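Fold and geometry: a report
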Amino acid sequence: MSPWLPILMAVPVLGAIVVALLPKGSDKLAKQATLLVSLVVLVLTLVMAVQFKTGGPRFQFQAVYDWIPSFGVKFGVGVDGIALVLIALSAVLVPIVVLASWHDADGTQSADGTLITPKRSVKTYFSLLLVLEAMMIGVFASTDIFLFYVFFEAMLIPMYFMIGSYGGAQRSYAAVKFLLYSLFGGLLMLVAVIALYVVAGKGTFMFPELVGVIQDPATQKWLFAGFFIAFAIKAPLWPVHTWLPDAAAQAPAGAAVLLVGVLDKVGTFGMLRFCLELFPDAAKAFTMPIVVLAVISIIYGAIVAIGQTDMKRLIAYTSISHFGFIVMGVFAMSQVSQSGAALYMVNHGFATGALFLAAGFLIARRGSPHIADYGGVQKVTPLLAGFFLIAGLAGLSLPGLSSFVSEFMVMIGTYTSSAFGSGALAVAAIVSALAVILAAVYILWMVQRTLNGPTAEPVKAFKDLNVREIVVLAPLIALIIGFGFFPKPLLDVINPTVTQTLVNVKVDNPAIAEKGAGQ
Amino acid sequence: MNDAVVAPTIEYGTLAPMLLVFGAAVVGVLVEAFAPRYMRKSIHVPLTLLSLAGAFALVIVQVVKGAVPTAPVAMGAVAVDGPSLFIWGVILVLSFVCVLMINDEGHFVASAAAVPGSADEEEAEAAGGSHTEVYPLVLFAVGGMLLFPASHDLLTMFVGLEVMSLPLYLLCGLARRRRLLSQEASMKYFLLGAFSSAFFLYGTAMIYGFAGTVSFTGINKALSTGSLLDPILLLGLSLLGVGLLFKIGAAPFQAWKPDVYQGAPTPITALMASGTLVAAVGALLRVFWVALGNLDWDWRPVMWAVAALTMVVGAILAITQTDIKRMLAYSSIAHAGFLLIGVMATFDKSAQNAKSLSAIMFYLLVYSITTVGAFAVVTMVRDPGGEAGHLSRWAGLGKRSPILAGIFAFFLLAFAGIPLTSGFFGKYAVFAAALASGSEAGDSLGGWMTGLVVLGVVASAIAAFFYVRVIVLMFFSDPAADGPSIAVPSMGTVAVIAISLLITVGVGLFPQPMLDLANQAASGLFIR
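The notes below deal with the structure included here. (Residues numbered from 1 in each chain as written. Chains lettered and ligands numbered in written order. Predicted model: local features only at pLDDT ≥ 70, side-chain atom pairs only at ≥ 80, totals over all residues. Heavy atoms only, no water.)

Some words on the overall build of chain A
Here is the rule: The secondary structure listing takes helices from DSSP runs of H or I that are at least 4 residues long and strands from runs of E that are at least 2 residues long, numbered from the N terminus. Put simply, the radius of gyration uses C-alpha atoms, and a globule should come to 2.2 Å times the residue count raised to 0.38. Throughout this description, buried means an accessible area under 20% of the type-specific maximum (1.4 Å probe, protein chains only), exposed means over 50%, and partly exposed covers the range between. The Shrake-Rupley method, run with a 1.4 Å probe, gives the accessible areas here. Residue values count only the displayed protein chains as cover. Neither His nor the chain termini are counted; the positive set is Lys and Arg, and the negative set is Asp and Glu. By convention, the point assigned to a charge is CZ for Arg, NZ for Lys, CD for Glu and CG for Asp.
Secondary structure assignment for chain A yields 23 helices and four strands. Whereas a compact globule of 519 residues would reach a radius of gyration of roughly 24 Å, chain A reaches 22 Å, a difference of no more than 12%. Taken over the C-alpha atoms alone, chain A extends approximately 65 × 55 × 40 Å along its principal axes. Buried residues in chain A amount to 64% of all 519 residues. Carbon together with sulfur atoms contributes 69% to the accessible area of chain A, which is approximately 16800 Å² in total. Distance from the positive charge centre (29 side chains) to the negative charge centre (24 side chains) of chain A: 5 Å.

Pasting the structure below:
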């Protein structure tokens, strides 16, 4: 019984209650309190992370309490390497998002005095953010599948209110679409969760005890489908991706970062942990169709991104392309591709986070998300333009930046995957490589139209980044460059978990053969 | 011939909760007859509340003493078993809470006999008249609700049904505002209710024709030996089913619900949506599980179709509603469908039956408590002409009154079955029971149960849409310029909302204690 994870979840919840109960008019205090709480969570997470033993047992910092004995549900938490890095990703992004959203609920006016967003309740926004943080940690930390489901669904609600109450003009449409898509997927997963419990007949939802229990191939396929549809909607995979551009474009920039950077990762995380390990035969049977969907996502997302006129929608479509890479890496089922996919989840969080926030700062200055409204920004605000450029380059996976490592690993891992001995995966890898070229088009063309060229008239009044905004972007850029050159710390944590996953999936794993049959 | 009349044995101790409620109702009538007008209310309110609380205490005493009878009492007319006591407890809590709401001023008409809009009406209103008969009527209705699910033969059940329904028909017509709508609701409810009672009675006659007895034990025994394809039996089965399904508002017998829920005074709507539903589901369970348990090969497929239709009709029609009370009525129809999933999660001697029963009872408890809370919120949002029923009037409520809107949003999320609310665990329990029953060897429906659960989650997703739409209106839309006012709530209404919020949150986080109660009550199943 380790108290780390329950504490990590309790701190933001308590913080949220305190922030929500602050008296009216203490907006500034609410912001400071939220920042403080999120920094405390970050420090605690980092202290916990350094104690993680990479060669140790798979799940560490485990804590299991009885919750609902009648249903066989336990409050079971614990992290493996992938969960750990994703929790760390959430803990890093939240304080950054808090700082970035400092004035989001205050009501903003553009330079010429037109109201962009009205004044809204500040403390509600920040307490929702803290509730969301607790649930993000909870969803990655759950080792009980029922608990995972509870967080998976419950975390929709704070995000729903953040989009619906604090978003752009089409916010209520986007919020409802987001909620209904996710809820529908989640409910199908609920059926699969119950059926898993019933069929397994173990009287428990604890993940480690359910691995390898379901043997019947037909049952596996049905249950796999229930889980996979939920995760595919969440991730999101083509063709159930349509909610993401709406939600991400309408959400305030900070919420969009958490939505795309963390919430969507629950989908790919779930595929890797639950779909593969609980239903290995079904996962292998469905591999090729899913890889095809992933490749379609990669290419489709990239092509549609090129055509976008709205910056936030463009970034959302690039994410659909990137999620395609992650899904492809997960289902290619080789050590390299899955490690790459897990690494990609983290790197994508930083890169897209930086891109969304930099775009958010641009939009806050002009009051318009349309690319056509900008031009020549770099002459007026060189710092903002510089950060935007680096974030964009991370989005197109430039060598030297972190996403390159993971994208390369996914492609090489897929190409060389021996899991199926077919050339199909190699073809998929080759086709997906086209997206690298398309990525250059969508990013560089956006950069060209916004940062370069003649300076548009309203842009001339822009002020460059203030200290708060620099503090927001600098750590992300540092992480992007740092992990670009030195991804080893992350990979060291991720690799053993991937190895374990592949053992449970019973794939011939060269990495295991080399090391002498695993850990 | 032996002419001596043998006095029936009545177990007064066991029946005490029900007798107390009926006794208080009779005293209430006497108060109406003899107490001066100005004193009546101040006698009725404590009398009603105390009798309900006392009855609840008597239920608790029986449970704590462990003196749950194992055979029907009162000459085989009433079965006070675990499920009965649980349902009694739930109904008594719900009715207590509803009486707190009824106690609030201004829901009931000054003079029901005055023609709406006439001078008589104005006069009565100016004189401050009020119908204090409401209290004894409610007590009679509650008494009927207690008898209905606990009866052990079809005739007692019919008596319970009528004692429950007749006061409700009347109460529906007593709304102070929009009186024509209220009277229309009362009339519709009465006519359709009378029809359904006739169906029930006709079914009773048919079953008697088959089994030669109206006792559930007797019917059960007759079914285990007689021919199960006897047309008179099948006819009786379907007629009984119609009568009971009407009361819970299952499709295709749901048409009365929206009209009645909309027209009735809101506290009465709350009582019907919670207490009546609980009682009717209890009665449905008893008839189908106890009396007709051996016939499950015949009724389960039909019930499958009814459950599926009810969920889908309730969820889809709710989307088109523009009145908050009508929307909640359709939502109640959809929930009746979810409950029916639980009702059919049984067969023969399945080991799962106790689990299914416990799931249904848990669902009834959490759903009805949340319902009462939601209707209590509805009573507080007012226009000059009464409650602001139209959904467009609710726009921007979250800005004007964030706490009230927040509470209502939470109730709606509980209806939608979002995790960390009580509604989620209710839904989970029922779905899990259905899947467990379907996966057991020997269930003739087998995979169909899984199909029904999938249909259930699809209906839940559709239902989520209209719950969420109200949240969108309240929080994401701009307030109307002349929006409704929020009534300053009476202590009673505050207590109602607080109690239901507490239970919805508490059970949402820690359902185990309530589950234990339901499990314990369900462990012995019904007396057969």
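Overview of the environment of Val-139 of chain A
Residue and element names in this part refer to chain A. Its location among the elements puts Val-139 in helix H4 (residues 122-141). What makes Val-139 buried here is its relative accessible area of 0%. For the pair Val-139 and Ala-440, spaced 301 residues apart in the sequence, the C-alpha separation amounts to 34 Å.

Some details on the nonpolar core
Selection criterion: Each nonpolar core is a collection of buried residues, namely Ala, Val, Leu, Ile, Met, Phe, Trp, Tyr and Cys, held together in the definition by side-chain atoms within 4.5 Å.
Tyr-160, Phe-227 and Phe-331 of chain A together with Leu-292 of chain B are the most contacted members of the largest nonpolar core, which totals 403 residues. Tallying contributions element by element places helix H7 (residues 171-200) of chain A first for this core, with 19 residues.

As for the packing of helix H3 (residues 81-100) of chain A against helix H12 (residues 265-278) of chain A
Residue and element names in this part refer to chain A. In plain terms, the rule: Here an axis means a line fitted to C-alpha atoms, over the contact stretch when the element is a helix, while the angle between two N-to-C directions is reported on a 0 to 180 degree scale. Here roughly perpendicular refers to angles of 65 to 115 degrees, roughly parallel to angles under 35, roughly antiparallel to angles over 145, and oblique to all remaining angles. In what follows, residue pairs with any heavy atoms lying within 4.5 Å of each other are defined as contacts. When residues are grouped by polarity, Ala, Val, Leu, Ile, Met, Phe, Trp, Tyr, Cys and Pro land in nonpolar, Asp, Glu, Lys and Arg in charged, and all others, Gly among them, in polar.
Put simply, H3 and H12 touch, their axes get as near as 11 Å, and they point 170° apart. Considered as vectors, H3 and H12 are oriented roughly antiparallel to each other. In contact with Ile-82, Ala-83 and Leu-86 of H3, H12 contributes Lys-265, Phe-269, Leu-272 and Arg-273. Here the contact of H3 with H12 is composed, by residue class, of five nonpolar, no polar and two charged.

Quick notes on the side chain of Ser-337 of chain A
Residue and element names in this part refer to chain A. Put simply, the rule reads: In protein, a polar contact requires one atom able to donate a hydrogen and another able to accept it; more generally it is a pair of N or O atoms within 3.5 Å, and residues adjacent in sequence count only if both atoms are side-chain atoms.
Topologically, Ser-337 is positioned in helix H16 (residues 335-366). Here Ser-334 takes part through its backbone oxygen, which lies 3.1 Å from a polar atom of the side chain of Ser-337. Those residues within four positions of Ser-337 in sequence are excluded, and the remaining contacts are Gly-329, Ala-332, Met-409, Val-410, Gly-413 and Thr-414.

As for the pattern of salt bridges
Residues and elements named next belong to chain A. What counts is decided by this rule: Any carboxyl oxygen of Asp or Glu that lies within 4 Å of a side-chain nitrogen of Lys or Arg is treated as forming a salt bridge with it.
In the structure shown here, the tally under the stated rule is 12 salt bridges over all chains. Residue Glu-277 pairs with Arg-58 through a salt bridge whose shortest N-O separation is 2.7 Å. Here Glu-277 is found in helix H12, whereas its partner Arg-58 is found in the loop between helix H2 (27-50) and strand S1 (60-68), with 219 residues between them in sequence. When its relative accessible area of 17% is taken as the criterion, Arg-58 is described as buried. A salt bridge links Lys-177 to Asp-246; the shortest N-O distance between them is 2.8 Å. Of this pair, Lys-177 sits in helix H7 while Asp-246 sits in helix H10 (residues 243-250), placing them 69 residues apart in sequence. Asp-246 shares its class with Lys-177; the two are buried. Through salt bridges that share partners, Arg-58, Asp-80, Arg-273 and Glu-277 make up one connected network.

What about the interface of chain B and chain A?
Each partner contributes to the interface: chain B provides 33 residues, whereas chain A provides 32 residues. Where chain B meets chain A, there are zero salt bridges. Counting only elements with at least two residues in the side of chain B that touches chain A, the list comes to helix H17 (422-439), helix H18 (447-476) and helix H20 (512-523) of chain B. Per-element tally for the side of chain B that touches chain A: the top contributor is H18 of chain B, with 13 residues.

A short note on empty space enclosed by the protein
Stated precisely, the cut-off is as follows: For cavity detection a 1 Å grid was placed over the protein atoms alone, and a set of points counts as a cavity when a 1.4 Å probe fits there but cannot get out; an open set counts as a pocket when protein lies on both sides within 12 Å along at least five of seven lines, with lining residues being those that have an atom within 4 Å of a point. Grid points are joined across faces, edges and corners, and a volume is the space filled by probe spheres set on the points.
Applying the stated criterion to the full structure yields six cavities of 30 Å³ or more. Counted as a void, the largest cavity has a volume near 80 Å³. What lines the largest cavity is His-335, Tyr-363, Val-366, Tyr-367, Thr-370, Ala-414, Phe-415, Ser-422, Gly-423, Gly-426 and Lys-427 of chain B. Elements supplying a minimum of two residues to the lining of the largest cavity: helix H14 (353-380), helix H16 (402-416) and H17 of chain B. Grouping the constituent residues of the lining of the largest cavity by class yields five nonpolar, five polar and one charged. As for the second largest cavity, its lining consists of Arg-58, Asp-80, Ile-82, Phe-269, Leu-272, Arg-273, Glu-277, Thr-497 and Thr-501 of chain A. Of all the secondary-structure elements, those providing two or more residues to the lining of the second largest cavity are H12 and helix H22 (488-505) of chain A. In terms of residue count, the dominant contributor to the lining of the second largest cavity is H12 of chain A (four residues). Of the residues belonging to the lining of the second largest cavity, the class tally is three nonpolar, two polar and four charged.

Considerations on the environment of Ile-499 of chain B
All names here are of chain B. Considering the arrangement of structural elements, one finds Ile-499 in helix H19 (residues 491-509). Ile-499 sits in the partly exposed class, given a relative accessible area of 32%. Between the alpha carbons of Ile-499 and Gly-373 there is a distance of 7.9 Å; along the sequence they are 126 residues apart.

Regarding the pairing of strand S2 (residues 73-79) of chain A
Let me state the cut-off plainly: Two strands are counted as paired when DSSP detects at least two bridges linking them.
Counting buried residues along S2 of chain A, five of its seven residues qualify, which places the element largely inside the surrounding structure. Hairpin connection from S1 of chain A to S2 of chain A: four residues lie between these consecutive antiparallel strands, with Gly-72 of chain A at a positive phi of about 75°.

Structural notes on the packing of aromatic side chains
Short version of the rule: Aromatic rings from Phe, Tyr and Trp, taking only the six-membered ring of Trp, are treated as a pair when their centres fall within 6.5 Å; an angle between ring planes under 30 degrees marks them as stacked, one over 60 as edge-to-face, and anything in between as tilted. The criterion for a charge sitting over a ring is simple: Lys NZ or Arg CZ within 6 Å of the ring centre, and within 35 degrees of the ring normal.
According to the stated counting rule, one finds 56 aromatic pairs over all chains in the structure shown. Between Phe-146 of chain A and Tyr-428 of chain B, the aromatic rings sit 4.8 Å apart at their centres with planes inclined by 90°, giving edge-to-face as the arrangement. Here the residue Phe-146 of chain A occupies a position in helix H5 (residues 145-154), and Tyr-428 of chain B occupies one in helix H17, the pair thus bridging two chains. Exposure remark for Tyr-428 of chain B: the relative accessible area of 1% places this residue in the buried category. Centroid distance Phe-404 of chain A to Phe-408 of chain A: 5.6 Å. Interplanar angle 25°. Geometry classified as stacked. Taken together, the residues Phe-404 of chain A and Phe-408 of chain A, both in helix H19 (residues 402-416) and four residues apart, mark about one turn of the helix. One aromatic cluster is present, formed by Trp-67, Phe-71, Phe-146, Tyr-149, Tyr-197 and Phe-205 of chain A together with Phe-424, Phe-425 and Tyr-428 of chain B through successive ring pairs. Note that Lys-234 of chain A overlies the ring of Phe-152 of chain A, its terminal NZ or CZ placed 4.7 Å from the centroid. Taking NZ or CZ as reference, Arg-449 of chain A lies 3.7 Å from the ring centre of Trp-445 of chain A, over its face.

Examining unusual backbone geometry
Apart from glycine, the bulk of residues carry a negative phi angle, and the bulk of peptide bonds sit in the trans form. Cis rather than trans, the peptide bond between Trp-238 of chain A and Pro-239 of chain A has omega equal to 5°. Residue position: Pro-239 of chain A is located in the loop between helix H9 (217-234) and H10. With an omega of 5°, the peptide bond between Ala-251 of chain B and Pro-252 of chain B qualifies as cis. Structurally, Pro-252 of chain B is set in the loop between helix H9 (231-248) and helix H10 (256-263). With a phi angle near 55°, Met-333 of chain A is a residue other than glycine that sits in the positive phi range. Turning to its location among the elements, Met-333 of chain A is positioned in the loop between helix H15 (311-332) and H16.

Observations regarding the packing of H15 of chain A against helix H20 (residues 424-451) of chain A
All names here are of chain A. We count it as follows: A clockwise turn of the near helix away from the far one marks a right-handed crossing, whereas an anticlockwise turn of less than a right angle marks a left-handed crossing.
The N-to-C vectors of H15 and H20 enclose an angle of 160°; their axes lie 11 Å apart at closest approach. One finds that H15 runs roughly antiparallel with respect to H20. Helix-helix and strand crossings are classified by hand; for H15 and H20 the assignment is left-handed. When H15 is examined against H20, the residues Met-311, Leu-314, Thr-318, Ser-321, His-322, Phe-325, Met-328 and Ala-332 are found in contact with a partner set consisting of Leu-425, Ala-428, Ala-429, Ser-432, Ala-435, Tyr-442 and Met-446. By residue class, the composition of the contact of H15 with H20 is 11 nonpolar, four polar and no charged.

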